[in-house]
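Structure assessment
As a plain string of letters, each chain reads:
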Amino acid sequence: MTRPGGTWQNWARSESVRPRRVEFPRTAEAVQRAVSAAAAQGIPVKAVGAGHSFTGIAVAPGVLLDLSDLTGLVHVDVERSRVTLRAGTRLHEVPTLLAPYGLAMENLGDIDRQSISGAISTGTHGTGARFGGIAAQVVGATLVTASGDLLAVNEHENRELIPAVALGLGALGILVDVTVQCVPAFVLHAVEQPEDLVTVLDGLEARVAEADHFEFYWFPHTDRAMTKTNTRLPESAPRHPLPPLGKWIDDTLVGNGLHQVACTVAKTIPATIPRINRLSVKMWGNREFTDASHRVFATSRSVRFREMEYALPVENLRPAFDAMRALVDDRGWRISFPVEVRFAAADDRWLSTAHGRDSAYIAVHRYWREDPREYFEAVEQIMLAFDGRPHWGKMHTLDASILRERYPRFDDFTALRDRWDPDRLFANPYLERVLGG
């Protein structure tokens, strides 16, 4: 978001910048004009969606293109269940756009505030061992290149570059529309409950394989896991949504209101954190309901936090998770935010954290008013030891020299960037670090 006075900052308040100017393009042609003008003036240009990345990937010190007005449905191919969306369309807007056609996105993450272009460009994902991230659902896109030209990448034109453009970090151009392979609308039967952590870990392989979508949260300083199991059902299946009052109590009062109070108390009096976490395990979850897929996948998050997430080969999850638990105990830290564990299928996107391997994700969080560096950097070393790849939109310390070793197509991507943006019109400090100058 851009604050009065011209300062842009992201949702987590971990990044901010005062761009030289801010523009609000409503059409692809307006994006072309903005890119051409920036190139003529020698000023870098970056697109910004919802600002939900925790890294500086969207920081725009030159021209900031706010895509808030570049939204909506461009085209629907009902026969093949494909939709083309303007790049600034927020994920939470998509279900309403798809509903008249009986379609849904195949999988979503647990936050839906992002723009579709921002979500795919950073590798946003949900959970489910048979499902890829949002970028894996992309079958086409149109972007404005550094020359100011519109470039189509789809099954008819430049098809071989879909795996590069679908997760491009904003380094190849400005996306103006995205074509997504959807599925027939469906509902999810959700079961959320606290369980013994060791029991969950011991049976994890079977749980992940048997469920359509499985994830769990672990509250540090407890021996409990909060599990979430979602089963896909036809759209015609009976629905038993959460009653409005119960949903408000769980998600708004407890999940956001009381959690905000708990984080504030924990920051002031860290010694209370183990007791608060044990209480949180008792108060959160333990519910069962069936509703439209998007209402189950996403939850409301109003408590600000900062996050680091690493993708691991799925077989490395248990030893990495055990090492992380031991680290928290050994260092004597007091960690108030839960650790989240999710899963995704291998895909072919060049810079996907799941490129070429079935993956498990470990995400660690800190309340936004706490300094996360010591915790995150120590956990990062464990993740690296177990062949981890950092989420592009979440905090990490790696640079191109390390990332190149972890992505088989890294050099192919940077070569494409050299060809399409030789003068680095779309560069910023974050991209210079992770891709090289």
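Residues numbered from 1 in each chain as written. Predicted model: local features only at pLDDT ≥ 70, side-chain atom pairs only at ≥ 80, totals over all residues. Heavy atoms only, no water.

Side note on the layout of surface pockets
Approximately 330 Å³ is the volume attributed to the second largest pocket. What lines the second largest pocket is a set of 15 residues, and nearest its centre among them are Leu204, Glu205, Val314, Glu315 and Phe343. Across the lining of the second largest pocket, the residue classes break down as 10 nonpolar, one polar and four charged. (1 Å grid on protein atoms, 1.4 Å probe; cavity = no way out; pocket = protein on both sides within 12 Å on 5 of 7 lines; lining within 4 Å. Points joined across faces, edges and corners; volume = space filled by probe spheres on them. Nonpolar A, V, L, I, M, F, W, Y, C, P; charged D, E, K, R; others polar.)

A closer look at helix α1 (residues 28-41)
If you check α1, its first and last C-alpha atoms are 20 Å apart, about what 14 residues at 1.5 Å a residue would give, namely 20 Å. Here α1 has its buried residues at Ala28, Ala30, Val31, Gln32, Ala34, Val35 and Ala38. Against the buried residues of α1 lie β3 (21-23), β4 (45-48), β5 (63-66), β9 (138-144), β10 (150-153) and β11 (174-181). Just beyond α1, the residue with positive phi is glycine 42, at close to 70°. (Helix = DSSP H or I, 4+ residues; strand = E, 2+ residues; numbered from the N terminus. Expected span 1.5 Å × (residues − 1). Buried < 20%, exposed > 50% of the residue type's maximum accessible area, 1.4 Å probe, protein only. Contact = heavy atoms within 4.5 Å.)

Some remarks on the pattern of salt bridges
Note that side chains of opposite charge can pair when their charged atoms are close. This structure, assessed with the given rule, holds 25 salt bridges. Beyond isolated ion pairs, a larger network of salt bridges with shared partners links Glu307, Glu309, Glu340, Arg342 and Lys394. (Salt bridge = Lys/Arg side-chain N within 4 Å of Asp/Glu carboxyl O.)

Some points on the side chain of histidine 391
Looking at where histidine 391 falls in the secondary structure, it is placed in the loop between β20 (389-390) and α12 (400-403). At 2.9 Å, the side chain of histidine 391 forms a polar contact with the backbone nitrogen of glycine 393. Setting aside residues no more than four positions away along its own chain, histidine 391 makes contact with Thr122, Gly123, Thr124, His125, Glu309, Thr353 and His396. (Polar contact = N/O pair within 3.5 Å; in protein donor to acceptor, adjacent residues only side chain to side chain.)

Some points on the packing of aromatic side chains
According to the stated counting rule, one finds 10 aromatic pairs in the structure shown. Judged by centre distance (6.3 Å) and plane angle (75°), the rings of phenylalanine 186 and phenylalanine 297 are edge-to-face. With phenylalanine 186 in strand β13 (residues 186-196) and phenylalanine 297 in helix α9 (residues 293-297), this residue pair connects regions lying 111 residues apart in the sequence. Phenylalanine 297 matches phenylalanine 186 in its accessibility class, with the two residues each being buried. A centroid spacing of 5.8 Å and a plane angle of 45° characterise the contact between tyrosine 375 and phenylalanine 376, whose relative ring orientation is tilted. Summarising the burial analysis for this pair, tyrosine 375 and phenylalanine 376 share the class buried. One aromatic cluster is present, built from ring pairs that chain together Trp11, Phe54, Phe305 and Phe337. We note arginine 325 situated over the ring of tryptophan 218; from NZ or CZ to the ring centre the distance is 5.9 Å. Looking at arginine 389, its charged tip hangs above the ring of tyrosine 407, at a distance of 4.9 Å from the centre. (Phe/Tyr/Trp six-rings, centres within 6.5 Å; stacked < 30°, edge-to-face > 60°. Lys NZ or Arg CZ within 6 Å of the ring centre and 35° of its normal.)

Here we look at the packing of helix α10 (residues 317-331) against helix α11 (residues 373-385)
Helix packing for two helices is described by the angle between their axes and how far apart those axes are. Running from N to C, α10 and α11 cross one another at 145°; their axes reach a closest spacing of 10 Å. α11 is crossed by α10, and the crossing has right-handed handedness. Together, Ala320, Ala323, Met324, Leu327, Val328 and Arg331 of α10 and Glu374, Tyr375, Ala378, Val379, Ile382 and Met383 of α11 make up the contact between the two elements. The residue makeup of the contact of α10 with α11, split by class, is 10 nonpolar, no polar and two charged. (Axes fitted to C-alpha atoms, helices over the stretch in contact; angles between N-to-C directions. Left-handed = near helix turned anticlockwise from the far one by under 90°.)

Structural notes on empty space enclosed by the protein
A full pass over the atoms with the stated rule returns six cavities of 30 Å³ or more. Reported here for the largest cavity is a volume of approximately 620 Å³. Along the wall of the largest cavity there are 46 residues; nearest its centre are Ser53, Ser117, Gly118, Ala119 and Thr122. If you list the elements that add at least two residues to the lining of the largest cavity, you get β4, α3 (116-122), β11, β17 (305-313) and β18 (339-344).

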